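Examination of the molecular architecture
If you want the building blocks of each chain, they are given just below.
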Amino acid sequence: MACGACCAAFRVSFYWREASDATPGGVPVELAEDFNQRLRVMKGTCQNPVRCAALQGEIGVAVQCAIYDKRPSVCREFSMAWDDRGANPLCDTARAMHGLPAMSPDMPKINSDDHGRPNPLCPAA
Ligand code: SF4
């Protein structure tokens, strides 16, 4: 896909048991780190600048998720703005952070997924 902005904009946190040490075939634990007693985060998303360790490629040009089939639930639930779930202000925010225009209902569809919360919520940030 061509965007990837949301993979480099927000903290990507998920219930710790989604990781592969608790769920075989889950999120590779080596790409996650503890956030608190209940949550883990994708490495690279609780720091500035934000960039998920699983994101490959150049944002806005060509990117892919290296663990697409094993990505956290929060990534699966995040919708690209104006896909079949309608507007998503977090998508607009992520794209703006990378100098990309907000998606619109008229733009060609690209595949969608992703996540998040703004990184300033990280206690260590
Ligand atoms: S979709 Fe993949 S690259 Fe993007 S934040 Fe989730 S795990 Fe990282």
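Residues numbered from 1 in each chain as written. Predicted model: local features only at pLDDT ≥ 70, side-chain atom pairs only at ≥ 80, totals over all residues. Heavy atoms only, no water.

Here the focus is the overall build of the protein. A tally of regular secondary structure across the protein gives two helices and seven strands. Looking at the 125 residues of the protein, the share that counts as buried comes to 42%. Of all intrachain contacts in the protein linking residues separated by at least 6 positions in sequence, the fraction that spans at least 24 positions is 59%. Carbon together with sulfur atoms contributes 54% to the accessible area of the protein, which is approximately 6700 Å² in total. (Helix = DSSP H or I, 4+ residues; strand = E, 2+ residues; numbered from the N terminus. Buried < 20%, exposed > 50% of the residue type's maximum accessible area, 1.4 Å probe, protein only. Contact = heavy atoms within 4.5 Å. Areas by Shrake-Rupley, 256 points an atom, 1.4 Å probe, with all protein chains shown as cover.)

Low-pLDDT stretches of the model should not have their predicted coordinates read in fine detail. On average, residues of the protein carry a pLDDT of 89, and 86% of them reach 70 or more. Predicted confidence for residues 112-121 stays below pLDDT 50, and this span has 43 contacts to residues more than four positions away or in other chains. (pLDDT = per-residue confidence, 0-100.)

Before going further, it helps to examine the sheet that holds strand β3 (residues 32-34). Working definition: the strands of a sheet are paired by backbone hydrogen bonds and lie parallel or antiparallel to each other. Strands sit in the order β2-β4-β3 across an open sheet of three strands; the sheet is antiparallel. Looking along the sheet, the strands with just one partner apiece sit at the ends: β2 (13-15) and β3. Averaged over all pairs of adjacent strands, the angle between their axes in this sheet comes to 40°, without regard to strand direction. Judged from the three bridges that link them, β2 and strand β4 (residues 39-42) form a sheet pairing that is antiparallel. (Pairing = 2+ DSSP bridges. Axes fitted to C-alpha atoms, helices over the stretch in contact; angles between N-to-C directions.)

By the secondary structure assignment, F78 is in the loop between α1 (73-77) and α2 (89-97). For F78, a relative accessible area of 6% gives the class buried. When the C-alpha positions of F78 and L90 are compared, they lie 8.9 Å apart, and in sequence the two are twelve residues distant.

On to unusual backbone geometry, then. A cis geometry characterises the amide bond from N48 onward to P49, with omega recorded as -5°. You will see that W82, though not glycine, has its phi angle at about 70°, which is positive. Within the element layout of this structure, W82 appears in the loop between α1 and α2. Given the relative accessible area of 32%, W82 is considered partly exposed.

This brings us to the nonpolar core. Counting residues in each nonpolar core, the largest one holds 27 residues, and the members touching the most others are M42 and L55. Elements that contribute at least two residues to this core include exactly α1 and α2. (Core = buried A, V, L, I, M, F, W, Y, C linked by side-chain atoms within 4.5 Å.)

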